[in-house]
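Take a look at the letters that make up each chain.
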Amino acid sequence: MAVIQEEIIEFLGKVPPFQFLDGAALKSIAQNVSMDYYPKGMVIMKQNEPASEHLRIIKKGGVKVFITSEDGDEVVIDYRGEGDTFGFLSLIGKDKVRANIVAVDDTICYLLDKDNAQKIMNSQPVFTEYFLKSHLTKYIDRTYSEMHNKSMMYGGSDRILFTSQVGDIAIRDVVSVKEDATIQEAALIMCQNKVSSLVIYDENDFPRGVVTDRDLREKVVAKNRSVADQVKNIMSLPLIRVDATDYCFEAVLKMIKYNIHHVLVVRDGVLKGVITNHDLMLLQGTSPLSFAKDIENQHTLEGLEPLATKLNKIIGLLLKEGAKASNITKIISELNDRLVKKVLEIAEKKFGAPPVSYCWVAYGSEGRKEQTFKTDQDNAIIYADPKTPEQEEAAKKYFAEFAVFVRDGLIKSGFPPCEANYMASNPQWCQPISVWKKYFLGWIQHPNPEALLRSVIFFDFRGLYGNLSLAGELREYLIRNLKDQNIFFARIASLILKNRPPLGFFRSFTVNKEGEHKDQLNLKLSGIGPLVDLIRLFALESGIHETSSMERLHAMKESHPIAIELGDEIEQAFEFINLLRIHHQLDQMERKVPLDNFINPTKLSNLEKKSLKESFQLILRIQDGIAEIYRAGMVGG
């Protein structure tokens, strides 16, 4: 008997919600459960019959949950397998069974009777919450916690960035000066107060800018500017600020994004202090900020080369600090942007000023700001329409050589070339804006398979460097021309529905049956990909300018019906699958094996399995909704 109880405790200790209970509670349950066997095809519970007397936990086998409509049609609600439960709502509802439950395989269940289930509910709120609240929105934090504990193997427990608020760490008092003060007066105040920055106020005592010791070096000393000039002529604009209640992560992100070393801190709308990159680096030691500084200090491609491997190490650091996937991708995208911009600056110095202005754009995961470990180059050049044939010829020649140089420089910096040649070095993707408009319009008006493929790649474009107004003009053109293009959207919907998450009978994972990745599934192709695709569809329908999946989702939360209803769950699913993928790849990096997106689901904890299944089911549910909306237009897509 003791052996059987140990087996029950071991089993329940791995399945939610029992895994949230302590040892004493599990032991009590193990002493009070019975076991039952249901042969395949047996009706275990029947719709409209008296309420269940037991909560059943499936030990082996599986069941189908369905209701019978008034017309006699069978509507399948769910399939449940090992570790899943059924009968809870009937148990607490105490009136009648709401659905039919039939064994679809020879099935063994543990049975917990009503009285003992009630005792657990009364003493363990987490137990009841589990059945009554959405898994993805309420239990994903527990999954993150479990994943984070795994990542602790990569380092200590320093978690400054994501657990400390800006107001909790040393903030320097605001030292200020009026905008009509001279540069010399400002420098004197900085010396007297031993600060590296000075806030500049206008005549109405409104903060207008900031001057740092870097400004004094670069704008005064290096350019031999007179110290009698007014300080407002060298101040930096605009003022970047964070709230004292923001996490330090937000301050770091803004410093990297805007290439600044000082951020103003406000509380309740009032300026309270200044936080510097020095403050954060002292607290944290190695950090994304130090990496950004390393990039800034390089002026040759050879100097950038060693930084490639360092960037991957930052991901391990961020995981150690408890970062969610969206935090990691935000920081890594900003650092990658900085790296790409530095290569472009070096290229501009080599080739001189371009004949016409241009914008370097990124698309794919880089365009969506969803990069983690280094991914292929996905870039293009949009340049202003040349005015004369001579200028057109000069632009072609300049950008052809320029783009090849940048491509090779990015390869040296750790960005592999795109195998499909979707790069600015391909003349097809280095064109004046008028040609890009023709591309986009053609893909929308003639959505053949090739056009659809290019649409889903390029429509995530984002201006990264140069004349960003060119990218903005193209985005406006795209949004304007997508309006009411239902045939195009229907074709995109059809494309999306061809990539269904790998969930089979009993909600079990469908894995590769043979080959190099036998018993594995592809998290990027089958998990992240479908989510990115459906969010992109909704964003393009809604005329959203953002390209990041999460920013698109947030922009639609008040307007798009699916985003309103399921926005939180979509976000959690996206975060979870992405974080699972990052953990997997970091583990591969630690083991020095090639990185991929394939995981064996049997290696996941039960909580991770359940979160992944819930995520896949959510995707299937939304895909079914898309199929209903676009069914007529998808023919031939």
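Quantities reported herein were computed from a predicted structural model and do not represent experimental measurements.

K.L.:
An account of a nonpolar patch on the surface is needed here, citing residue identities and associated values.
P.N.:
A cluster of nonpolar side chains, I67, V75 and I77, forms an exposed patch at the surface whose accessible area comes to about 230 Å². As for its placement among the helices and strands, I67 is situated in strand β4 (residues 63-68). Taking the relative accessible area as the measure of exposure, I67 reaches 30% and is therefore partly exposed.

K.L.:
So, the pattern of salt bridges: which residues are in play, and what are the values?
P.N.:
Under the counting rule described, the total for this entry stands at 26 salt bridges. The partner of E53 in a salt bridge is K114, and the shortest N-O contact between them spans 3.5 Å. Residue E53 is found in the loop between β2 (43-45) and β3 (54-60), and its partner K114 is found in helix α4 (residues 114-123); the two are separated by 61 residues along the sequence. Residue E53 is classed as partly exposed on the basis of its relative accessible area, which comes to 44%.

K.L.:
Can you lay out the nonpolar core for me, pointing to particular residues and giving the numbers?
P.N.:
Ranked by internal contacts, the top residues of the largest apolar core, which has 133 residues, are W360, I381, F440 and L612. Ranked by the residues each element gives to this core, the list is headed by helix α25 (residues 561-590), at 12 residues. If we skip the residues at most four places from it in the chain, I381 touches Y358, C359, W360, F399, F402, A403, A424, W429, C430, Q431 and W436. Counting 26 residues, the second largest nonpolar core, distinct from the first, contains V15, L21, A25 and I57.

K.L.:
Which residues make up the packing of helix α23 (residues 523-542) against α25, and what are the values?
P.N.:
Viewed as axis vectors pointing N to C, α23 and α25 meet at an angle of 150 degrees, and their least axial separation amounts to 10 Å. Of the possible angle classes, the one that applies to α23 and α25 is roughly antiparallel. α23 and α25 meet at a crossing whose hand is left-handed. When α23 is examined against α25, the residues L523, K524, G527, I528, L531, V532, I535 and F538 are found in contact with a partner set consisting of I562, I570, A573, F574, I577, N578, L580 and R581. When the residues that make up the contact of α23 with α25 are grouped by side-chain class, the tally is 12 nonpolar, two polar and two charged.

K.L.:
Could you give an account of the packing of aromatic side chains, with specific residues and numbers?
P.N.:
In total, this model carries 29 aromatic pairs according to the counting rule given. Look at F399 and F402: their rings are 6.5 Å apart centre to centre, the planes differ by 90 degrees, and that puts the pair in the edge-to-face class. Linking F399 with F402, this pair stays in helix α18 (residues 389-412), spanning three residues, or about one helical turn. By relative accessible area, F399 is classed as buried at 0%. Arranged with centres 5.8 Å apart and planes meeting at 65 degrees, the rings of F488 and F489 form a pair that is edge-to-face. The residue whose ring lies beneath K64 is F66, and the NZ or CZ to ring-centre distance is 5.1 Å.

K.L.:
Help me get a handle on α23, residues and values and all.
P.N.:
Relative to the 28 Å expected for 20 residues at 1.5 Å per residue, α23 spans 27 Å between its end C-alpha atoms, a close match to the ideal helical length. The largest bend in α23 is about 35 degrees, located at G529, with the proline P530 one to four residues further on. Counting buried positions over the 20 residues of α23 gives 15, a clear majority of the element. A distance of 3.0 Å separates the backbone nitrogen of K524 from a side-chain oxygen at the start of α23, and that oxygen is part of N522. G543 lies just past α23 and shows a positive phi near 70 degrees.

K.L.:
Before we move on, can you summarise the sheet that holds strand β7 (residues 100-103) with the specific residues and values?
P.N.:
The strand order across the open sheet formed by four strands is β2-β7-β4-β5, and the pairing between neighbours is antiparallel. The open sheet terminates on both sides in strands that have one partner only, identified here as β2 and β5 (74-80). Here the average twist between neighbouring strands, direction ignored, is 30 degrees. When β4 meets β5, the two strands line up antiparallel, connected through six bridges. Directly across from T68, in β5, lies its bridge partner E74.

Definitions and cut-offs
- Residues numbered from 1 in each chain as written.
- Predicted model: local features only at pLDDT ≥ 70, side-chain atom pairs only at ≥ 80, totals over all residues.
- Heavy atoms only, no water.
- Patch = residues over 30% accessible without salt bridge, like charges linked within 9 Å, V, L, I, M, F, W, Y side chains within 5 Å.
- Areas by Shrake-Rupley, 256 points an atom, 1.4 Å probe, with all protein chains shown as cover.
- Salt bridge = Lys/Arg side-chain N within 4 Å of Asp/Glu carboxyl O.
- Helix = DSSP H or I, 4+ residues; strand = E, 2+ residues; numbered from the N terminus.
- Buried < 20%, exposed > 50% of the residue type's maximum accessible area, 1.4 Å probe, protein only.
- Core = buried A, V, L, I, M, F, W, Y, C linked by side-chain atoms within 4.5 Å.
- Contact = heavy atoms within 4.5 Å.
- Axes fitted to C-alpha atoms, helices over the stretch in contact; angles between N-to-C directions.
- Parallel < 35°, antiparallel > 145°, perpendicular 65-115°, else oblique.
- Left-handed = near helix turned anticlockwise from the far one by under 90°.
- Nonpolar A, V, L, I, M, F, W, Y, C, P; charged D, E, K, R; others polar.
- Phe/Tyr/Trp six-rings, centres within 6.5 Å; stacked < 30°, edge-to-face > 60°.
- Lys NZ or Arg CZ within 6 Å of the ring centre and 35° of its normal.
- Expected span 1.5 Å × (residues − 1).
- Bend = angle between axes of the 7 residues up to and from the residue.
- Polar contact = N/O pair within 3.5 Å; in protein donor to acceptor, adjacent residues only side chain to side chain.
- Pairing = 2+ DSSP bridges.

Spatial relationships are all this shows, so hold off on functional conclusions.
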